[in-house]
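A closer look at the structure
For reference, the chains in residue letters:
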Amino acid sequence: MSNRRSFLHSSLLGSLGIFLTKKAGAVTRGPGDRASHIRGIGEVPGRVPGHPVVISTWDTGLAANKGAWEVLSRNGSALDAVEAGVKVTESSVNCCVGLGANPDRDGYVTLDASIMDHQFNCGSVAFLERIKHPISVARRVMEKTPHVLLVGVGAQQFAIAEGFPLEDGKLSEDAKKSYEQWLKKSEYKPVINIENTKSSAFGAAPSNDWGAAAPARLPNGKWNHDTIGMVAMDASGNLSGSVTTSGMGFKMRGRVGDSPIIGAGMFVDNEVGAVAATGQGEDVIRMCGSHAVVEFMRQGMSPEQACKAAVERIARIKKEKARDIQVAFIALNKKGEHGAYALQKGFSYALKNNNEERMVEVNSLI
Ligand code: SD4
């Protein structure tokens, strides 16, 4: 009995030890290691280190991928890459993702972001104001707190305590103009930014499902996007994902979209793949979109098939209202295969690997 008890005790401690030291990143196991047959979460048996690859939503992703590639090409981790990549977009004066974006209906810019690594570590911030790099705050939440998601004033306090500067909170000139314009009618009617690689980055007329113009580039040359989602695989074959957004312009104060909700706006399972979403966040949250795409890939679907299955599910849920929204997913599997699918036409994603740097046009349901 006491033998059995001490056996149970030592095997429990033994397996706990494996997980605890793993989390601290201290264990490397070789074939001769007695523990090598015990897999930790996120480890993949017989994993062959792959070629790095990064994909991200919309054509703002081209610049973001370059930022990620600086990390990946130096054998950096996918986690560092997806943070560095979307920070490019958060910093860009020509993009509407960060503090320069459209405000909520009370006139405040509020930001959401999330990040996830290959071991189910994840962190998010939501309803965060006056901080330039929400993605880095999300990473600090992941690495420095016992929590996954911090919101609002608490998230801002945490960011300041971590040394992030508090910005002035003034609207950008463009956001001010669009807000003043919006106030004339004060209607909450999300504009679904549909773009076509041929027609936006390269010049022709785009449209959206509201029938109004929603150019990928605004007349002043800025990008008409409020979100970037990115997933990457590093040279060791590990996956990570990130999303950062100002959310829907002129949303209700306090509204939070899918981007900071792990499993909705983004999800990574290192045994299967990594996924990010863009579009109408409420509809992605409803069916845990990115998690669903990962599960479809686990069942054997290709990245594009898996994204399509999730989009079809949203269309079934929305019925005739599916025409009123845009939703799209991008996905990367463990083999480094990538794909995407959108509800409405015009969505594209940016790809970068050792051989290619380009936009990929995406099939759609409607
Ligand atoms: C949200 N999913 O807040 C984001 C918006 C988005 O392109 O992706 N726009 O609902």
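A separate point is the site of the ligand. Surrounding the ligand, one finds 12 residues, the nearest of these being Asp226, Thr227, Arg255, Asp258 and Gly279. Here a nitrogen atom of the ligand and a side-chain polar atom of Asp226 are 2.5 Å apart. In the model, an oxygen atom of the ligand is placed 2.9 Å from a nitrogen or oxygen of the Gly281 main chain. Protein chains bury 99% of the 290 Å² of accessible surface belonging to the ligand in isolation. Of the residues belonging to the shell around the ligand, the class tally is 1 nonpolar, 8 polar and 3 charged.

Scored by pLDDT, the protein chain has a mean of 83; 75% of the residues are at 70 or more. Considering only residues more than four positions removed or in separate chains, one finds that residues 1-39, a stretch of pLDDT under 50, has 25 contacts. In the model, residues 44-48 has pLDDT below 50 throughout and makes 10 contacts with residues more than four positions away in sequence or in other chains.

A cluster of nonpolar side chains, contributed by Val148, Leu149 and Val151, occupies part of the molecular surface with about 220 Å² of accessible area. Looking at where Val148 falls in the secondary structure, it is placed in the loop between helix 4 (134-144) and strand 4 (149-151). When its relative accessible area of 39% is taken as the criterion, Val148 is described as partly exposed.

Sheet architecture is open: 4 strands sit in the order 7-8-9-10, paired in antiparallel fashion. Two strands lie at the open edges of the sheet, namely strand 7 (266-269) and strand 10 (338-342), each paired on one side alone. Neighbour-to-neighbour, the strand axes of the sheet open up by a mean angle of 10°, direction not taken into account. Sheet topology note: the strand 7/strand 8 (residues 273-279) ladder contains 4 bridges and is antiparallel. Note that in strand 8 the partner of Asp269 across the bridge is Gly273. This element, helix 8 (residues 289-298), spans strand 7, strand 8 and strand 9 (327-333) of the sheet and lies at about 140° to strand 8. Against the sheet, helix 9 (residues 303-318) contacts strand 9 and strand 10, and its axis sits at roughly 20° relative to strand 10.

Our focus in this paragraph is the packing of helix 2 (residues 61-72) against helix 3 (residues 78-91). The interhelical angle for the contact between helix 2 and helix 3, taken along N-to-C directions, is 150°, at an axis separation of 7 Å. Relative to helix 3, the element helix 2 lies roughly antiparallel. Helix 2 and helix 3 meet at a crossing whose hand is right-handed. Of helix 3, the residues touching helix 2 (which contributes Ala63, Ala64, Gly67, Ala68, Val71 and Leu72) are Ala78, Asp80, Ala81, Ala84, Gly85, Val88 and Thr89. Across the contact of helix 2 with helix 3, the residue classes tally to 9 nonpolar, 3 polar and 1 charged.

Here the focus is the pairing of strand 9. For strand 9, the tally of buried residues reaches 7 of 7 residues, placing the bulk of the element in the interior. Burial of strand 9 is two-sided: the residues Val327, Phe329, Ala331 and Asn333 facing one way and the residues Ala328, Ile330 and Leu332 facing the other way are all buried. Bridge count for strand 8 against strand 9 is 7 bridges, and the pairing is antiparallel. Within strand 9, the position partnered with Val275 by the bridge is Ala331. Sheet topology places strand 9 next to strand 10; 5 bridges connect them, and they run antiparallel. Of the residues in strand 10, the one forming a bridge with Ile330 is Ala340.

Cut-offs used in this document
Residues numbered from 1 in each chain as written. Predicted model: local features only at pLDDT ≥ 70, side-chain atom pairs only at ≥ 80, totals over all residues. Heavy atoms only, no water. Near = heavy atom within 4 Å. Polar contact = N/O pair within 3.5 Å; in protein donor to acceptor, adjacent residues only side chain to side chain. Areas by Shrake-Rupley, 256 points an atom, 1.4 Å probe, with all protein chains shown as cover. Nonpolar A, V, L, I, M, F, W, Y, C, P; charged D, E, K, R; others polar. pLDDT = per-residue confidence, 0-100. Contact = heavy atoms within 4.5 Å. Patch = residues over 30% accessible without salt bridge, like charges linked within 9 Å, V, L, I, M, F, W, Y side chains within 5 Å. Salt bridge = Lys/Arg side-chain N within 4 Å of Asp/Glu carboxyl O. Helix = DSSP H or I, 4+ residues; strand = E, 2+ residues; numbered from the N terminus. Buried < 20%, exposed > 50% of the residue type's maximum accessible area, 1.4 Å probe, protein only. Pairing = 2+ DSSP bridges. Axes fitted to C-alpha atoms, helices over the stretch in contact; angles between N-to-C directions. Parallel < 35°, antiparallel > 145°, perpendicular 65-115°, else oblique. Left-handed = near helix turned anticlockwise from the far one by under 90°.

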